[in-house]
Amino acid sequence: MDKEYDIATVEVSVRGVRSPVLTAGPPDGAEAVVFVHGNPGPADGWRDLLARAGELGRAIAPDMPGYGRAAAPSGFTYSVDGYAAWLAALLDQLGITRAHIVAHDFGGPWALAWAVRNPDALASVTLINSGVLIGYRWHRYARIWRTPVLGEAFQATASRPAFRLLLGRENPRLTRDQIDRIYDASRSWATKRAVLKLYRATPEATLAVPAAALRPLDRPALVIWGTKDAYLPCDQAERQRQAFPSARVELLDGHGHWVMAEDPERIASLVIPFLRQHLPGAATATGSSVS
């Protein structure tokens, strides 16, 4: 019978940023599945996959600085490089020297920037509506956030009814409760400030940069993308092969940006077997597939 692990929370302080880290599976070990959320996250969105991954080995999911219950210090560098450096310091503090990255949204750029700087530590990558963005142009909300004054006004006036209307129209597979959770995750001013700083520090062209360094490594990669993503077009899915030539690409027809929330069983049926294939000893330790 498979061993089941509860999800626990470990509080850490990394580079002066306090953050809770959700954990599952064995509490130590140098190799781990590392879940990296995006905007607005937080780590709680990974709970289902995290619990399943914990049956295969060590798994963690941090709240990244400025999101969820993590601190949002004004002095933090809210940029792709800043988040990549923070992730590197977190993994070092937790004793993780080999990572199977699972990333969504901005978690992809953060984690791939980390991978460029730590290629020997990257074991595999699962990209969910995320990755290197080649020939990409910011979506309309990003363009607003990147505009001084307009971005602040947009953030200050965002309301739950408006959020439900816009997100519901763009992501029809999400339930109202799921939309409300996304709104709640993004409503604090600390998170809103982090979003504005991050997007203003990130020209579109920088999102393609990791591809050249990652391509020669050709690490195992699974790419999952909803065909109706309103923010990151699904034509980016095949472009992930420019960073991961052997990538397996799965397009989910009719799904939007938050595919983990829209169809958790389908996502688990893709992600967990992929992780089992690449985690040492996972196949013999856990028996049959989790789906």
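### Brief notes about the overall build of the protein chain
Per the secondary structure count, the protein chain includes 13 helices and eight strands. Over its C-alpha atoms the protein chain spans a radius of gyration of 18 Å, differing by no more than 12% from the 19 Å that the globule rule assigns to 291 residues. For the C-alpha atoms alone, the extent of the protein chain along its principal axes is close to 55 × 40 × 40 Å. For the protein chain, the exposed surface amounts to about 12000 Å²; the carbon and sulfur share of it is 53%.

### Remarks on the pairing of strand S2 (residues 17–24)
The side chains of a regular strand alternate, residue by residue, between the two faces of the sheet. Of all eight residues that make up S2, seven are buried, and the element is covered over most of its length. Note: strand S1 (residues 8–14) against S2, seven bridges, orientation antiparallel. When the sheet's bridge partners are listed, valine 14 is paired in S2 with valine 17. From the end of S1 to the start of S2, which pair antiparallel, there are two residues, and arginine 15 there has a positive phi angle of about 50 degrees. For S2 and strand S4 (residues 59–62), the ladder comprises four bridges, and the chain directions are antiparallel. What sits directly across from threonine 23, in S4, is isoleucine 60.

### Some details on the packing of helix H6 (residues 160–170) against helix H7 (residues 176–186)
Packing of H6 against H7 brings their axes to within 10 Å, and their N-to-C directions diverge by 120 degrees. The angle between the axes of H6 and H7 places the two elements in the oblique class. Considering how the two elements wind past one another, H6 and H7 form a crossing that is right-handed. For the pair H6 and H7, contact is made by Arg160, Phe163, Arg164, Leu167 and Gly168 and by Arg176, Ile179, Asp180, Ile182, Tyr183, Asp184 and Ser186, respectively. Residue composition of the contact of H6 with H7, by class: five nonpolar, two polar and five charged.

### As for the packing of helix H5 (residues 150–157) against helix H8 (residues 189–200)
Contact geometry of H5 with H8 gives a least axis separation of 11 Å together with a crossing angle of 150 degrees. Between H5 and H8, the angle is such that the two are roughly antiparallel. With respect to the hand of their crossing, H5 and H8 are arranged in right-handed fashion. Residue-level inspection shows Gly151, Glu152 and Gln155 of H5 in contact with H8, the latter providing Trp189, Lys192, Val195, Leu196 and Arg200.

### Remarks on unusual backbone geometry
Excluding glycine, most residues fall at negative phi; most peptide bonds, likewise, are trans. Asparagine 39 connects to proline 40 through a cis peptide bond whose omega is 5 degrees. Note that the residue after glycine 41, namely proline 42, is joined by a cis bond; omega there is -5 degrees. Among the structural elements, proline 42 can be located in the loop between strand S3 (31–36) and helix H1 (47–53). Although it is not a glycine, asparagine 129 adopts a positive phi angle of roughly 50 degrees.

### Section: the confidence of the model for the protein chain
Of all residues in the protein chain, 95% attain a pLDDT of 70 or more, and the chain-wide mean is 94. In the model, residues 284–291 has pLDDT below 50 throughout and makes 18 contacts with residues more than four positions away in sequence or in other chains.

### Let's talk about the nonpolar core
In this structure, Tyr83, Leu87, Ile101, Trp110, Trp114 and Phe244 are the most contacted members of the largest nonpolar core, which totals 69 residues. The greatest single-element share of this core, amounting to seven residues, is contributed by helix H2 (residues 80–94). Once residues lying within four places of it in the same chain are set aside, the contact partners of isoleucine 101 are Val34, Ala111, Trp114, Leu122, Ser124, Val125 and Thr126. With 27 residues, the next largest nonpolar core counts Leu22, Leu56, Leu270 and Leu275 among its residues.

### Examining the pattern of salt bridges
In the structure shown here, the tally under the stated rule is 17 salt bridges. Ionic pairing is found between aspartate 81 and arginine 117, a salt bridge with its closest N-O pair at 2.6 Å. In this pair, aspartate 81 sits in helix H2 while arginine 117 sits in helix H3 (residues 107–117), placing the two residues 36 residues apart along the sequence. The exposure class assigned to aspartate 81 is partly exposed, which follows from its relative accessible area of 45%. With a relative accessible area of 48%, arginine 117 lands in the partly exposed category. The structure contains a network of salt bridges with shared partners spanning Arg160, Arg164, Asp180, Asp184 and Arg187.

### Quick word on the sheet that holds S3
If you trace the eight strands from one edge of the open sheet to the other, you get S1-S2-S4-S3-S5-S6-S7-S8, paired in mixed fashion. Each having just a single partner strand, S1 and strand S8 (248–252) make up the two edges of the open sheet. Between one strand and the next, the sheet's axes are offset by a mean angle of 20 degrees, whatever the strand orientation. Relative to S1, H2 is tilted by about 115 degrees, and along the sheet it contacts S1, S2, S3, S4 and strand S5 (98–104).

Cut-offs applied
Residues numbered from 1 in each chain as written. Predicted model: local features only at pLDDT ≥ 70, side-chain atom pairs only at ≥ 80, totals over all residues. Heavy atoms only, no water. Helix = DSSP H or I, 4+ residues; strand = E, 2+ residues; numbered from the N terminus. Rg over C-alpha atoms; globule rule 2.2 N^0.38 Å. Areas by Shrake-Rupley, 256 points an atom, 1.4 Å probe, with all protein chains shown as cover. Buried < 20%, exposed > 50% of the residue type's maximum accessible area, 1.4 Å probe, protein only. Pairing = 2+ DSSP bridges. Axes fitted to C-alpha atoms, helices over the stretch in contact; angles between N-to-C directions. Parallel < 35°, antiparallel > 145°, perpendicular 65-115°, else oblique. Left-handed = near helix turned anticlockwise from the far one by under 90°. Contact = heavy atoms within 4.5 Å. Nonpolar A, V, L, I, M, F, W, Y, C, P; charged D, E, K, R; others polar. pLDDT = per-residue confidence, 0-100. Core = buried A, V, L, I, M, F, W, Y, C linked by side-chain atoms within 4.5 Å. Salt bridge = Lys/Arg side-chain N within 4 Å of Asp/Glu carboxyl O.

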